[in-house]
Amino acid sequence: DAEEYQPPIWKSYLYQLQQEAPRPKRIICPREVENRPKYYGREFHGIISREQADEILAGVEGAYILRESQRQPGCYTLALRFGNQTLNYRLFYDGKHFVGEKRFESIHDLVTDGLITLYIETKASEYISKMTTNPIYEHIGYATLLREKVSQRLSRTKNESRKASVTSEENTPVEKITSLVRRAALTQNDNHFNYEKAHNFKVHTFRGPHWCEYCANFMWGLIAQGVRCSDCGLNVHKQCSKYVPNDCQPDLKRIKRVYCCDLTTLVKAHNTQRPMVVDSCIREIEARGLKSEGLYRVSGFTEHIEDVKMAFDRDGDKADISASIYPDINIITGALKLYFRDLPIPVITYDTYSKFIEAAKISNPDERLEAIHEVLMLLPAAHYETLRYLMIHLKKVTLHEKENFMNAENLGIVFGPTLMRPPEDSTLATLNDMRYQKLIVQILIENEDVLF
């Protein structure tokens, strides 16, 4: 399959411009400057005026010096010659040198990157403004043949475990070519749960030439040339990232742990409907713990709960939480509650929190139920499915109330603050909302067949 792969036609215009950009030329001060900051070299010329800097740099494109401001002693300026004029930038140092967002190890790198950016933006401003109008991302024509082949191979594994199907895909030569191809193949894979997920873009420094996987243009500069999705590996310009749809397909190799991982990211990486922690723990609890007195209220040993957490982080869905390893069912319930508490975004998300609280305050039971149902529809698909599955389980727990002494109200007290937290870290808000948190979970359990 990899032999039939046709690479995309990367647009090299901006790369050519980077090659043409002026090279930095350090103008050394002929005299020894007193009180020169230790982090500057001999390009520092001391206290001189703009006019003097202009004279020193005249006629040498890419030439630069550093100077101390006459008006503000202790403030430093980078004077740079570009486009037949001298440009002055306020210069800062905090362990690295910077004039804007980017931070550099050396002044030379800062000037090199600045000249590249100035040159490209001067020569190709109109081109850059139109880069996103016909993105390669939207048609991905070059991956069509490949996508069909990978989809066929994945569909053959449909009767195997879902994780196996994803692993099979990841080990093909295709995955190594580009994250864009991998995503194209996964998009067509009907085994893959179609939960929408935004990309987790972070500023990234690319070593060697790199092209944007959205617009196919070169990513210029020395450092922080663009952004990379830390969940799926998509590489794009910062400005292109605004146009990329919420179609992130996380790569298992990039997901380092199970606990403390975003819920949607985890289920998409493992290609499951719900987090495997939830499925595994609930399966174990229903098999041997539904009649256990004080189920979910009684705490297990903290060290053993941490052991279960480490097992899931290390082994994923192969973690052994059976009775032979953890005979106390309260350790498993504790591990499940800890998973929910550790989520960076709670199951009942920050965006919907206030709407749920307002719904809980409605006095008319029918209207309150309708309002809660409307807010449930606002939850991300993976969060909704996880909450639905948990409520079905907790309803089963209440059916054994005579043995476990846990009714919907008791479970609401336990799970209210576990499943929902106020967006702002306010102790007062949390205390004021606790009774409504309990009520929401109680209503969800009692009416799970109607609400979900």
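Sequence positions are assigned chain by chain, starting from 1 and proceeding in written order. It should be noted that, the model being predicted, local features are given only for residues of pLDDT at least 70 and side-chain atom pairs only at 80 or more, the latter also being counted only at that level, while totals for whole chains, interfaces and linings use all residues. Side-chain figures throughout are based on the complete set of non-hydrogen atoms in the structure, without hydrogens or water.

For the protein, an unreviewed UniProt entry supplies the name Beta-chimaerin and the organism Balaeniceps rex. Looking at the Subcellular location (unreviewed entry) heading of the UniProt record, one finds this comment for the protein: "Membrane". UniProt positions are given in the numbering used here, feature names are shortened, and annotations may be inferred rather than shown by experiment.

Our focus in this paragraph is the sheet that holds strand E8 (residues 226–229). Pairing between two strands is assigned when DSSP locates at least 2 bridges connecting them. Put simply, DSSP marks the helices as runs of H or I at least four residues long and the strands as runs of E at least two long, and each gets a number from the N terminus on. Here three strands make up an open sheet; going across it, the order is E7-E8-E9 and the pairing antiparallel. Each edge of the sheet is formed by a strand with only one pairing partner; in this case those strands are strand E7 (201–204) and strand E9 (235–236). Pairing geometry for E8 and E9, over two bridges, is antiparallel. Bridge pairing in E9 places Arg228 opposite Asn235.

The criterion for an aromatic pair is that two Phe, Tyr or Trp rings (for Trp, the six-membered ring) have centres within 6.5 Å, with stacked assigned to planes under 30 degrees apart, edge-to-face to planes over 60 apart and tilted to the rest. The full count for this structure, using the stated rule, is 16 aromatic pairs. The interplanar angle of 70° and the centroid separation of 5.0 Å between the aromatic rings of Tyr13 and Tyr127 together place this pair among those described as edge-to-face. Linking Tyr13 in helix H1 (residues 13–20) with Tyr127 in helix H4 (residues 125–129), this pair joins segments that are 114 residues apart in sequence. Look at Phe92 and Phe98: their rings are 5.5 Å apart centre to centre, the planes differ by 20°, and that puts the pair in the stacked class. Using a relative accessible area of 35% as the deciding quantity, one classes Phe92 as partly exposed. When its relative accessible area of 13% is taken as the criterion, Phe98 is described as buried. Taken together, the ring pairs in this structure connect Tyr39, Tyr40, Phe44, Tyr76 and Tyr93 into an aromatic cluster. Charge-over-ring placement is defined geometrically: NZ (Lys) or CZ (Arg) within 6 Å of the ring centre, and within 35 degrees of the ring normal. Of note, Arg103 hangs over the ring of Phe98, and the distance from its end group to the ring centre comes to 3.8 Å. Just above the ring of Tyr389 sits the side chain of Arg274; from NZ or CZ to the centre is 3.7 Å. Throughout this description, buried means an accessible area under 20% of the type-specific maximum (1.4 Å probe, protein chains only), exposed means over 50%, and partly exposed covers the range between.

The next point concerns H1. Within the span of H1, buried status applies to Leu14, Leu17 and Gln18. One side of H1 carries all its buried residues, which in axial view fall inside an arc of 100°. Residues of H1 that are buried in the fold lie against helix H3 (107–123) and H4. Comment: arc refers to directions from the helix axis out to C-beta atoms. By definition, residues are in contact when any of their heavy atoms lie within 4.5 Å.

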